[in-house]
Amino acid sequence: PTTSGRPGRSRRCSTPPPWRHHVHRCSGASGTAGEHARWAAVAFVASYSSPGTRQAYSTQLRLWFDWCQRHRLEPLTEVRRPHVELYARELEDRGLAPATVALKLVVITGWYRYCVEEQLIEHSPAVHVRRPKISQESTRLGLDRTELGAFRVQAALCEAPMDVKRRSRDLWAQ
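Residues numbered from 1 in each chain as written. Predicted model: local features only at pLDDT ≥ 70, side-chain atom pairs only at ≥ 80, totals over all residues. Heavy atoms only, no water.

A.B. asks: Give a description of the overall build of the chain that names residues and reports values.
C.D. replies: When helices and strands are tallied, the chain shows six helices and two strands. Secondary structure of the chain in N-to-C order comes out as β-β-α-α-α-α-α-α. When each of the 174 residues of the chain is scored for burial, the buried share is 33%. Carbon and sulfur atoms provide 54% of the accessible area of the chain, an area that totals close to 11,600 Å². (Helix = DSSP H or I, 4+ residues; strand = E, 2+ residues; numbered from the N terminus. Buried < 20%, exposed > 50% of the residue type's maximum accessible area, 1.4 Å probe, protein only. Areas by Shrake-Rupley, 256 points an atom, 1.4 Å probe, with all protein chains shown as cover.)

A.B. asks: With reference to specific residues and values, describe unusual backbone geometry.
C.D. replies: Note: most residues except glycine have negative phi, and most peptide bonds are trans. The phi angle at R72 is positive, at roughly 55 degrees, despite the residue not being glycine. With respect to the helices, strands and loops of the structure, R72 is situated in the loop between α2 (51-70) and α3 (81-93). Of note, the phi angle at Q119 is positive, near 60 degrees, even though the residue is not glycine. Structurally, the position occupied by Q119 is in the loop between α4 (98-117) and α5 (145-158). For Q119, a relative accessible area of 71% translates into the label exposed.

A.B. asks: Lay out the packing of aromatic side chains in plain terms, naming residues and giving numbers.
C.D. replies: Overall, the coordinates contain 10 aromatic pairs when judged by the stated rule. Seen from their ring centres, Y48 and Y57 are 4.9 Å apart, and the 65 degrees between their planes marks the pair as edge-to-face. The partly exposed category is assigned to Y48, whose relative accessible area is 30%. Under the relative-accessibility criterion, Y57 is labelled buried at 15%. Three or more aromatic residues joined by ring pairs make a cluster, and in this case those are W64, F65, W67, Y87, W111 and Y112. (Phe/Tyr/Trp six-rings, centres within 6.5 Å; stacked < 30°, edge-to-face > 60°.)

The following block contains the structure:
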């Protein structure tokens, strides 16, 4: 298919495989490096077996490529560490949660690592990017497995006189 990147100009792009539709776009960075970046993204995403992971990673890479395009940067040849740092700080400034920013950086870091492994680039610009600190405390409501176990044992010990060992065993068997 032929697409127009700019008015009055058209260029030909190869037809990508059917599962690539989340990342590939003929518009954007021009030339071979742009095509290599997009195809590297397609291959990177395809290496994951989970459809949910492929969808999420495709979305994050598309957002990264869009950011690079807005800043007139070629993702494979012109991006340096400060660009990735700037992207992360912009995400934080938009009010995104630290865990969300970290996830976006994990995808970008993974993609650049893949590009290094495939010898598309010599060094990843994202390898030493500072990631936001994420609390180890869960924000989910409810008990984790350890807390539930302690709760069940305590409940068994507090019940009316009964064979505690048998009751505790019965609780764990459920």
